[in-house]
Amino acid sequence: LFDGIYPFYPQQRKAAGFDISTIIVIVVFLTLACSFLLIIPGIRGRARLYWTLRVLLSLFVGVVIVVVQFTGDWETGWVQANTSYKSFSPVQVNVDIGLHIGLAGVNVTLRGNPVQQINETINYNEHFPWNFGADYERSYSQGLEKGLPSPILYVAEKFSRQSPCAVHRQYRIAGHYASALLWVAFCTWIISNVLLSMPVLVYGGYMLLATGAFMIFSLLSFSTVRNSPMCPIQIGTRTLHVAYGGSFWLMLAVGLLCSVVGITVVAMHHLHLDLLKTFFDLREDKAEECQEMPEVFINPHFVNKGL
C-alpha cells in the first residue's frame, strides 16, 4: 500500500488474442492483397480466376505462418468461480478467469461478473513472457509489486521456474523450437512461390510439401508439453482446464492444406502437365510451339540447276 491506498496501475495491458505485432503483420499482408486486387483487372480470360486463387491462397498461408508466432491462444482455458480478490482479505468476488498460452508466454485474464464489484473495476489482462531473452521471474515480481489480484498471481505462479509444477522449462523449450520451425516453414513458403512462378512447377510442389511438413513438426514440438503432467489450477471450488486453442487448430488445417496442394501439384506434373501449366499460366500456345514459316522464298537459279 502507498499512503493507505492500492498502487496506481499505469502499465499498458497486453491483449490475449491480438497485440501490436499481430496487427502489423495482418496489415502488411492485407496491403499486398489489395495491391494485387488493383492489378487483377489487367489479366484477361480464365487466367484472372487462376491468378486470384493462387495469390490469395498463398498470402493466406504466409500470414497464418507469421501471425501465429505472436498469438496467445495455442492453449486456452476458462473457468467461472467465486474466489478471493486480494491477499489477506476475506472478500469473495465472482469472476471469469482465462488462461491463454502462446509460443512466447502466457496471458492471464480476470473479468468480474459483473465488472464493477467491491467498488473496483475487475478487468485485467496480464502477459508473462518466457521466450528466450525475456525474464519470466522479473515479470512475475513486477506483478507482485503492482499489487495484481490474487487469482492472476496464483495462475502465473504455476508457470514460474520455482513452481513445483515444473512446466516452465517444457513450455519455454517447446515454444522456442515450434517458433523456429515456423520460421523455416516461412522460408520454404517464399521459395515455393518463387519456383511456382517459374517453369519448374514440380519443385514448387516439393517446397509446398516441405512447408506443410515444417508446420506439422512445429505442432508436434508444441504438443510435447503434454508429456509432463499439468498441476491442477484450483480456483475456489472450480478447476481451470486448458485445451488446444484456435492457433493450434488453424496451423494444423493450413499445414494439411499445404501438404494436399503440394501433393496435387506433384501428381499433376506427372499425370497431366498441360493442365498444370494452364492453371499456372505457363502453357505456351500450340500455334507458337509448332509454328511454320508462312512463306518460303526459293531462288529459281538453284532450282533450275537441280541444286
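Small disclaimer: the values here were computed from a predicted structure and weren't measured. (Residues numbered from 1 in each chain as written. Predicted model: local features only at pLDDT ≥ 70, side-chain atom pairs only at ≥ 80, totals over all residues. Heavy atoms only, no water.)

A look at the packing of helix α3 (residues 136-146) against helix α4 (residues 150-157)
Then, number 1: In the contact formed by α3 and α4, the axes pass within 10 Å of each other and the chain directions differ by 165°. Taken together, the axes of α3 and α4 are roughly antiparallel relative to one another. Our pair here, α3 against α4, has a crossing hand that is left-handed. Note on element contacts: α4 touches α3 through L153, A156 and E157, opposite Y136, Y140, G143 and L144.
Then, number 2: A breakdown of the residues in the contact of α3 with α4 according to their chemical character gives 5 nonpolar, 1 polar and 1 charged. (Axes fitted to C-alpha atoms, helices over the stretch in contact; angles between N-to-C directions. Helix = DSSP H or I, 4+ residues; strand = E, 2+ residues; numbered from the N terminus. Parallel < 35°, antiparallel > 145°, perpendicular 65-115°, else oblique. Left-handed = near helix turned anticlockwise from the far one by under 90°. Contact = heavy atoms within 4.5 Å. Nonpolar A, V, L, I, M, F, W, Y, C, P; charged D, E, K, R; others polar.)

Examining the packing of aromatic side chains
Then, number 1: Overall, the coordinates contain 16 aromatic pairs when judged by the stated rule.
Then, number 2: Between W183 and F186 the ring centres are 6.0 Å apart and the planes differ by 90°, which places this aromatic pair in the edge-to-face class. With W183 and F186 both in helix α5 (residues 168-196) and 3 residues apart, this pair spans about one turn of that helix.
Then, number 3: Relative accessible area serves as the criterion here: at 38%, W183 is assigned to the partly exposed category.
Then, number 4: Taking the relative accessible area as the measure of exposure, F186 reaches 18% and is therefore buried.
Then, number 5: Seen in terms of ring centroids, F248 and W249 are 5.3 Å apart; in terms of plane orientation they differ by 85°. Their pairing is edge-to-face. (Phe/Tyr/Trp six-rings, centres within 6.5 Å; stacked < 30°, edge-to-face > 60°. Buried < 20%, exposed > 50% of the residue type's maximum accessible area, 1.4 Å probe, protein only.)

Looking at the environment of G112
Then, number 1: Inspection of the secondary structure puts G112 in strand β3 (residues 105-117).
Then, number 2: In this structure, the C-alpha to C-alpha distance between G112 and N82, residues 30 residues apart in sequence, is 10.0 Å.

Here's the deal with the nonpolar core
Then, number 1: Of all hydrophobic cores here, the largest spans 61 residues; its most connected members are W74, L99 and F159.
Then, number 2: When residues in this core are grouped by element, the largest group, 9 residues, is from helix α2 (residues 47-67).
Then, number 3: Core analysis: the second largest hydrophobic core is formed by 6 residues, L201, V265, L276 and F280 among them. (Core = buried A, V, L, I, M, F, W, Y, C linked by side-chain atoms within 4.5 Å.)

Some words on the side chain of Q69
Then, number 1: Counting through the fold element by element, Q69 comes out in the loop between α2 and β1 (75-84).
Then, number 2: Of note is the side chain of Q69, whose polar atom sits 2.5 Å from the side chain of S179. (Polar contact = N/O pair within 3.5 Å; in protein donor to acceptor, adjacent residues only side chain to side chain.)

Notes on unusual backbone geometry
Then, number 1: The omega torsion of the bond from N113 to P114 falls at 5°, within 30 degrees of zero and hence cis.
Then, number 2: When you line up the elements, P114 lands in strand β3.
Then, number 3: Unusually for a residue other than glycine, I118 sits at a positive phi of about 45°.
Then, number 4: Tracing the chain through its elements places I118 in the loop between β3 and β4 (120-129).
Then, number 5: In this structure, N119 is a non-glycine residue whose phi angle is positive, near 60°.
Then, number 6: Among the secondary structure elements, N119 is positioned in the loop between β3 and β4.
Then, number 7: When its relative accessible area of 83% is taken as the criterion, N119 is described as exposed.

Things to note about the UniProt feature "transmembrane region" (unreviewed entry) in the protein chain
Then, number 1: As recorded in UniProt, the sites labelled "transmembrane region" (unreviewed entry) are residues 20-39, 51-71, 91-110, 177-196, 202-222 and 242-268.
Then, number 2: The distance from the first to the last C-alpha atom of residues 20-39 is 29 Å, and the span holds 100% helix and 0% strand.
Then, number 3: In the segment residues 202-222, helix accounts for 100% and strand for 0%; the C-alpha atoms at its two ends are 31 Å apart. (UniProt positions renumbered as here; feature names shortened; annotations may be inferred.)

With respect to the state of the cysteines
Then, number 1: Scanning all chains against the criterion turns up 1 disulfide.
Then, number 2: Across a sulfur-sulfur distance of 2.3 Å, C165 and C231 are joined as a disulfide pair. Judged by the sign of its S-S torsion, about -130°, the cystine formed by C165 and C231 is left-handed. Of this pair, C165 sits in the loop between α4 and α5 while C231 sits in the loop between α6 (201-223) and β5 (233-235), and the two are 66 residues apart along the sequence. (Disulfide = S-S within 2.5 Å.)

A word on the pairing of strand β2 (residues 92-101)
Then, number 1: Taken across its 10 residues, β2 has 8 buried, putting it largely inside the fold.
Then, number 2: Pairing between β1 and β2: 10 bridges, direction antiparallel. Across the sheet, residue T83 finds its bridge partner in β2, namely V93.
Then, number 3: With 7 bridges connecting them, β2 and β3 associate as antiparallel partners. For L99, the partnering residue across the bridge sits in β3 and is V108.
Then, number 4: Between the antiparallel neighbours β2 and β3 lie 3 residues. (Pairing = 2+ DSSP bridges.)

Description of the sheet that holds β2
Then, number 1: Spatially, β4-β3-β2-β1-β7 is the arrangement adopted by the 5 strands of the open sheet, whose pairing is antiparallel. Looking at the sheet topology across the chains shown, the edges are occupied by β4 and β7 (243-244).
Then, number 2: As paired elements, β3 and β4 share 9 bridges and run antiparallel to each other. Each residue of the ladder has a partner; that of V108, found in β4, is E126.
Then, number 3: α3 contacts β3 and β4 of the sheet and is inclined by roughly 160° relative to β4.

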